[in-house]
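# Chains, contacts and geometry: an overview
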2 protein chains.
Amino acid sequence: MALPNVSKPQLERYPLYLTYLKNLDSNSYVSSSKLAKDLDLNEEQVRKDLQVVSKRKGKPRMGREVRLLIKDLEAFLGYHDHTNAIVVGVGHLGQAFLNFEGFKHFGLNVVSGFDIDDKLVGYSVNDKPIYHIDRLNDLVGKLEATIAILTTPRSSAQEMADKLVRAGIKGIWNFVPTHLNVNDDVVVENVDLASSLAVLSYKLDIKFKEVK
Amino acid sequence: MALPNVSKPQLERYPLYLTYLKNLDSNSYVSSSKLAKDLDLNEEQVRKDLQVVSKRKGKPRMGREVRLLIKDLEAFLGYHDHTNAIVVGVGHLGQAFLNFEGFKHFGLNVVSGFDIDDKLVGYSVNDKPIYHIDRLNDLVGKLEATIAILTTPRSSAQEMADKLVRAGIKGIWNFVPTHLNVNDDVVVENVDLASSLAVLSYKLDIKFKEVK
């Protein structure tokens, strides 16, 4: 299918719709205005977002059938097309990702971990083997891994990213608070917890410290 | 200090600057144009961002002294004012947060965990005790906790958020992929991994599937 051009904020809203819809009766109907109100979003924005993922028209005054909208959203987000991922850097966060089974619902299979630590290599976490980083070139293809979840220390993140790209990884989900330089063939999506925490702390300051 | 009005994307950039600056020689100088180029940002935006956090002027043709800019950024982000946080929901991700000591550098002390599971309550993770959720009202004040890191299952997230607010928590760092309803006195910052993964998957599709 030809993919429509969708902005990053718009893409980020689709999983929110899905979460919300799954709490509703699947045989009920939901309107864009109801969705917008309950999720604190703009109604016109919600209407446009849904038009992109679903060719079906809603019923006047009722909206769209929840069951079918869920189906269209899941198809759009590729939740039925499974992609294999490896975890690179098996520290506390890396182990949490190996243990967490919930990404399967989002189309992501976490298949194994990679590390340099001999105390970890050769062991398994949640039945997922941990290999030495030196085996990346050899194993990325065999594991059919497209995505790497990067959870190394900051000091080795760029070096690992370079190795991942050379081994054939196409997407890096980067949890290390650093800017990665990769060529244009590779997609990097950053989850920067320091940035998120900065937003939270600042909003708290605005609310509670300014009145001092 | 009176806090300037700063947008969310702007706030999210400050930790990126800091990470970048810490890789430089602290006695060197850096210009807004160099920062912008290396971080793929707009130069005018970088200049404005830095003016907000630092009253010091840069030197013509050299820019700002790295050491002083780091100092100003850390002060602005409150990295020297420590805030106590509790982890609510001690599953794999919750345990990773209890084990991770890195938030200290961002002014956040993770002091203890809360859960409903009797197999966890009474134990410690990384020397941080795990208490029963029923003790929130009793303990939030004693622990001087302002922030809760929410890592419960989706089904109990709203109920826990209500309990946290009643117990006096002012900020919820929400890692559960669900929309929380809280009153305006409380700040919620969402880290939605499903949304982040949707962005990554979509960009991969654009690059690699459209050509099929």
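For clarity, every value in this text was computed on a predicted model and none was experimentally measured. Sequence positions are assigned chain by chain, starting from 1 and proceeding in written order. For naming, the first written chain is A and the first written ligand is 1, with later ones following in the order written. Per-residue local features of the predicted model are confined to residues with pLDDT of at least 70, and side-chain atom pairs are confined, for both listing and counting, to 80 or more; whole-chain, interface and lining totals are unaffected and use all residues. With hydrogens and water set aside, each side-chain value is computed from the structure's full complement of heavy atoms.

## So, the overall build of chain A
A run of H or I in DSSP becomes a helix once it reaches four residues, and a run of E becomes a strand once it reaches two; helices and strands are each numbered from the N terminus. A count of helices and strands for chain A gives 8 helices and 9 strands. C-alpha extents for chain A along the principal axes are approximately 60 × 55 × 35 Å. In chain A, which comprises 212 residues, the proportion classed as buried is 50%. Whether two residues touch is decided by their heavy atoms; if any such pair falls within 4.5 Å, the residues are in contact. Looking at chain A alone, contacts between residues at least 24 apart form 56% of all its contacts between residues at least 6 apart. With residues, only the protein chains shown are counted as cover, and all accessible areas are computed by Shrake-Rupley using a 1.4 Å probe. Here chain A displays about 10500 Å² of accessible surface, and carbon together with sulfur accounts for 49% of that area. Separation of charge centres in chain A, based on 28 positive and 27 negative side chains, amounts to 7 Å. Partly exposed describes any residue whose relative accessible area lies between the buried limit of under 20% and the exposed limit of over 50%, with all areas from a 1.4 Å probe on protein chains only and scaled to the type maximum. The sign given to each residue is positive for Lys and Arg and negative for Asp and Glu; His and the chain ends receive no count. To locate a charge, take NZ of a lysine, CZ of an arginine, CG of an aspartate or CD of a glutamate.

## Section: the interface of chain A and chain B
When the parts of a complex come together, some accessible area is lost, and that lost area is often used as the size of the interface. Tallying the contact residues gives 64 residues for chain A and 64 residues for chain B. For the pair chain A and chain B, the summed buried area comes to about 5400 Å², and 71% of that belongs to carbon and sulfur atoms. A side-chain nitrogen of Lys or Arg and a carboxyl oxygen of Asp or Glu constitute a salt bridge if their distance falls within 4 Å. At the surface where chain A touches chain B, the tally comes to 2 salt bridges. The partner of Lys203 of chain B in a salt bridge is Glu189 of chain A, with the nearest N and O atoms 3.9 Å apart. Any pair of nitrogen or oxygen atoms within 3.5 Å is treated as a polar contact; in protein, a donor-acceptor pairing is required on top of that, and neighbouring residues in sequence qualify only through side-chain atoms on both sides. Between the two partners, chain A and chain B, sit 9 residue pairs in polar contact (both at pLDDT 80 or more). Mapped onto the side of chain A that touches chain B, the elements with two or more residues apiece are helix H1 (8–22), helix H5 (92–99), strand S7 (145–150), strand S8 (171–174), strand S9 (187–190) and helix H8 (193–208) of chain A. A 1.4 Å probe defines the accessible area here, and the buried area is the portion of it lost by two parts on being joined, summed over both.

## With respect to the sheet that holds S9 of chain A
All names here are of chain A. Two strands form a pair only when DSSP identifies at least two bridges running between them. Here 7 strands make up an open sheet; going across it, the order is S5-S6-S4-S3-S7-S8-S9 and the pairing mixed. Lying at the two open borders of the sheet, with one neighbouring strand each, are strand S5 (124–125) and S9. Contacts between H5 and the sheet are confined to strand S3 (83–88), strand S4 (108–115), S5, strand S6 (128–132) and S7, with S4 contributing the most and set at about 145° to the helix. Lines fitted to C-alpha atoms define the axes, with helix axes restricted to the stretch in contact, and inter-axis angles between N-to-C directions lie between 0 and 180 degrees.

## So, unusual backbone geometry
Residue and element names in this part refer to chain A. One non-glycine residue, Asp127, lies in positive phi territory at about 65°. Inspection of the secondary structure assignment puts Asp127 in the loop between S5 and S6. Note on Asp127: relative accessible area 74%, which makes it exposed. Not every positive phi belongs to a glycine, and Glu144 is a case in point at roughly 50°.

## A look at the packing of H1 of chain A against helix H4 (residues 66–76) of chain A
If you want to describe how two helices pack, look at the angle between their axes and the distance between the axes. Residue and element names in this part refer to chain A. Closest axis-to-axis distance for the H1/H4 pair is 10 Å, and the angle between their directions is 145°. Considering only the axes of H1 and H4, their crossing is left-handed. In this structure, H1 contributes Leu11, Tyr14, Tyr17, Leu18, Leu21 and Lys22 to the contact, and H4 contributes Val66, Leu69, Ile70, Leu73, Glu74 and Phe76. Each crossing gets its handedness from the near helix: less than a right angle anticlockwise from the far helix is left-handed, clockwise is right-handed.

## Concerning the relation of the copies chain A and chain B
For these two chains of identical sequence, chain A goes onto chain B by a turn of 180° and a shift of 0.0 Å along the axis, with RMSD 0.0 Å. In the structure described here, the two chain copies are related by an operation that fits a two-fold rotation axis. Relative to the rotation axis, the closest C-alpha in chain A is found at Ala96 of chain A, a distance of 3.2 Å. Here 100% of the interface residues in chain A have copies in chain B that are interface residues too; the copies meet face to matching face. C-alpha atoms of residues with pLDDT of at least 70 in both copies form the basis for the least-squares superposition of the copies.

## Some words on empty space enclosed by the protein
With a 1 Å grid laid over protein atoms only, a set of points is called a cavity when a 1.4 Å probe fits there but cannot get out and a pocket when it is open yet has protein on both sides within 12 Å along at least five of seven lines; lining residues have an atom within 4 Å of a point. Grid points are joined across faces, edges and corners, and a volume is the space filled by probe spheres set on the points. As enumerated under the stated definition, the model contains 2 cavities of 30 Å³ or more in all. Listing elements by their share of the lining of the largest cavity, those giving two or more residues are H5 of chain A together with helix H5 (92–99) of chain B. Ten residues, namely Ala, Val, Leu, Ile, Met, Phe, Trp, Tyr, Cys and Pro, are considered nonpolar, four, namely Asp, Glu, Lys and Arg, are considered charged, and the remaining ones, Gly among them, are considered polar. Counted by class, the lining of the largest cavity contains 10 nonpolar, no polar and no charged residues. If you add up the space inside the second largest cavity, you get close to 40 Å³. In this structure, the second largest cavity is lined by Ala198, Ser201, Tyr202 and Asp205 of chain A together with Leu11, Phe76 and Leu77 of chain B. For the lining of the second largest cavity, the element with the highest residue contribution is H8 of chain A, accounting for 4 residues. Considering only residue class, the lining of the second largest cavity consists of 5 nonpolar, 1 polar and 1 charged.

## Some thoughts on the nonpolar core
In these notes, a set of buried Ala, Val, Leu, Ile, Met, Phe, Trp, Tyr and Cys residues joined through side-chain atoms within 4.5 Å is what counts as a nonpolar core. Trp173 of chain A together with Trp173 of chain B are the most contacted members of the largest nonpolar core, which totals 94 residues. Setting aside residues no more than four positions away along its own chain, Trp173 of chain B makes contact with Leu193, Ser196, Leu197 and Leu200 of chain A together with Phe103, Leu108, Ala148, Ile149, Leu150, Glu189 and Val191 of chain B.

## So, the domain arrangement of chain A
Either an automatic procedure or a domain database provided the assignment from which the domain bounds are taken. The assigned domain composition of chain A is domain 1 (8–76) and domain 2 (83–195). Taking only C-alpha atoms into account, the centre of domain 1 of chain A sits 32 Å from that of domain 2 of chain A.

## Examining the packing of H1 of chain A against helix H3 (residues 43–53) of chain A
All names here are of chain A. Direction vectors running N to C along H1 and H3 enclose 85°, while the axes themselves pass 11 Å from each other. By the angle between their directions, the pair H1 and H3 is classed as roughly perpendicular. Seen from H1, the contacting residues are Gln10, Arg13, Tyr14 and Tyr17; seen from H3, they are Gln45, Val46, Asp49, Leu50, Val52 and Val53. Grouping the constituent residues of the contact of H1 with H3 by class yields 6 nonpolar, 2 polar and 2 charged. Any angle that falls under 35 degrees is termed roughly parallel, while one over 145 is termed roughly antiparallel, one within 65 to 115 roughly perpendicular, and all others oblique.

## Regarding the side chain of Thr152 of chain A
Residues and elements named next belong to chain A. Assignment of secondary structure puts Thr152 in the loop between S7 and helix H7 (154–167). According to the relative accessible area criterion, Thr152 is buried, its value standing at 11%. In contact with Thr152, other than residues within four places in its own chain, are Val88, Gly89, Ala157, Met160 and Val176.

## So, the sheet that holds strand S6 (residues 128–132) of chain B
Residues and elements named next belong to chain B. Pairing in this open sheet of 7 strands is mixed, and the strands run S5-S6-S4-S3-S7-S8-S9 from one edge to the other. The outermost strands of the open sheet, each flanked by one partner alone, are strand S5 (124–125) and strand S9 (187–190). Pairing between strand S4 (residues 108–115) and S6: 3 bridges, direction parallel. Pairing of Gly113 across the sheet is with Ile130, part of S6. Running at roughly 145° to S4, H5 makes contact with strand S3 (83–88), S4, S5, S6 and strand S7 (145–150) of the sheet.

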